[in-house]
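# Descriptive structure summary
If you want the building blocks of each chain, they are given just below.
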Amino acid sequence: MCDCNLTMLKPLSIIYNQKSGFHSAQRSKVYDEIMTFFIKYGFEIQLFEFNQQNSIDTLMRQIVIRHSMANNAGVVVVAGGDGTVNAVASYLLNTGITLGILPFGTFNYVARVLNIPLDLMDACHVIATGEVKKVHVAKLNQRIYLNNASLGLYPLFIEKRERYNRLFGRFPLHAYTSALDVLLRRHRELKLEVMVDGEKYPVKTPLVFFGNNHLQLQEMNLKIAHTVRLGKIAGVIVAKSDKMTLMKLLFQLLKGDIEKASDVYSFAADHVTVHAKKRKKLHIAIDGELVEEQSPLHFSVERDALAVMVPANVTASI
């Protein structure tokens, strides 16, 4: 047990999704190890589970008040995947409260880009002994995205992927099988007006993709990957929507050569606005979660807005 003075204990709030299995019989040994570890480092721990009865909005209001009133702001820890990390991070922007990550997701792009270990106990060590790094956060209207935001076919991929996950379990392969399923069965083209740093471009497209995670963009072999480190909006637009073009695009994506695909255009900018000519609301996938937003969509980057615990002496950036 820690012999720390109770008045000096640092608040540590662990928030997790009921579906994540963080606090479950199957993980009881790891759960006990995590609690013992944080107590040893002088943290005063509280657990917060969001579910149908306890919304993340209600819980995060309590958590922000708890940490804001403490002498030491402590750490708010997310036990979950990128979607849960996004949901919690949106409440911590510019608050001075630091985010810690226990990666429980399928891809864990946010943890990986910050060199946070995927092993849970190693990730705990980062939270307790690492350093605070401020990172850039991309915004779509009032929402944030840490990895990506997209419209067109991509939200359909996400919807189909989640259906596969519910039926067969959560596997990375479903990201690709769902994409193939959507391309074979469904076709959607958006008529948009895209304003990039003041220049207007009329666009007919099946897919618009905005990235904020340079690791994810690097894995797609996109030349714009480095621009997100500079606080830029990184975007990709597909200019043709026939099935043959889209099948070739999926093949290039699987090879990691999307930049070489024909009719794919990438760009970096400070401000982007997307107007939908015939739709008042657009379906958007943000960090793997599906949302609806009113047109127009305003994209921007809030620089150094989020404080995150990362390994000491690491210079990674979202």
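Up top you'll find the structure we're talking about.
Here goes a summary of the coordinates provided. For every chain, the first residue of the written sequence is number 1, and numbering continues from 1 onward in sequence order. Local features in a predicted model are, by the rule used here, given only for residues with pLDDT of at least 70; side-chain atom pairs are given and counted only at 80 or more, and totals for whole chains, interfaces and linings are based on all residues. Remark: hydrogens and water are excluded; side-chain values derive from all non-hydrogen atoms of the structure.

### Description of the environment of isoleucine 56
Only runs of H or I of at least four residues qualify as helices and only runs of E of at least two qualify as strands under DSSP, and these elements are numbered from the N terminus. With respect to the element layout, isoleucine 56 can be found in helix H2 (residues 56–68). Through-space distance from the C-alpha of isoleucine 56 to that of threonine 84 is 9.4 Å; in sequence the pair is 28 residues apart. A contact between two residues is defined here by any heavy atoms of the two lying within 4.5 Å. Residues within four places of isoleucine 56 in sequence aside, it is in contact with Ile15, Phe50, Ala87, Val88 and Tyr91.

### Looking at the side chain of serine 295
Its place among the elements puts serine 295 in the loop between strand E15 (289–294) and strand E16 (297–310). Those residues in contact with serine 295 that sit more than four places away from it in its chain are Val274, His275, Ala276, Arg279 and Lys280.

### Focus on helix H1 (residues 28–40)
With 13 residues, H1 should cover 18 Å at 1.5 Å per step; its first-to-last C-alpha distance of 18 Å lies within 8% of that length. Burial status follows relative accessibility: with a 1.4 Å probe on protein chains alone, a residue under 20% of its type maximum counts as buried, one over 50% as exposed, and anything between as partly exposed. If you check which residues of H1 are buried, you get Tyr31, Ile34, Met35, Phe37 and Phe38. Across the axial projection of H1, the buried residues extend over an arc of 160°, all falling on one side. In H1, the exposed positions angled more than 90 degrees off the buried face are occupied by Lys29, Thr36 and Lys40. Expected helix span is taken as 1.5 Å per residue step, with the number of steps being one fewer than the number of residues. Note that the arc is defined by the directions from the helix axis to the C-beta atoms.

### A word on the packing of H1 against helix H5 (residues 120–129)
What describes two packed helices is the angle between their axes and the distance between those same axes. Axis definition: a line fitted to C-alpha atoms, limited for helices to the stretch in contact. Angles are taken between N-to-C directions and run from 0 to 180 degrees. Across the interface, H1 lies against H5 with an axial gap of 10 Å and an inter-helix angle of 20°. With respect to H5, the axis of H1 lies roughly parallel. When you trace H1 past H5, the crossing you get is right-handed. Counted together, Val30, Glu33, Ile34, Phe37 and Phe38 of H1 and Leu120, Met121, Cys124, His125, Ile127 and Ala128 of H5 form the full contact between these two elements. Small angles under 35 degrees read as roughly parallel and large ones over 145 as roughly antiparallel, with 65 to 115 read as roughly perpendicular and the rest as oblique. When the near helix sits turned anticlockwise from the far one by under a right angle, the crossing is termed left-handed; a clockwise turn instead gives a right-handed crossing.

### As for the sheet that holds strand E7 (residues 148–152)
A sheet is described by the order of its strands in space; here six strands give the open sequence E12-E11-E10-E7-E14-E15, paired in antiparallel fashion. Since the sheet does not close on itself, it has two edges, and those belong to strand E12 (264–269) and E15, each with one partner. This sheet shows a mean twist of 25° between the axes of neighbouring strands, independent of strand direction. Direction of pairing for E7 relative to strand E10 (residues 207–211): antiparallel, over a ladder of five bridges. Across the sheet, residue glycine 152 finds its bridge partner in E10, namely leucine 207. Note on pairing: two strands pair once DSSP finds at least 2 bridges between them.

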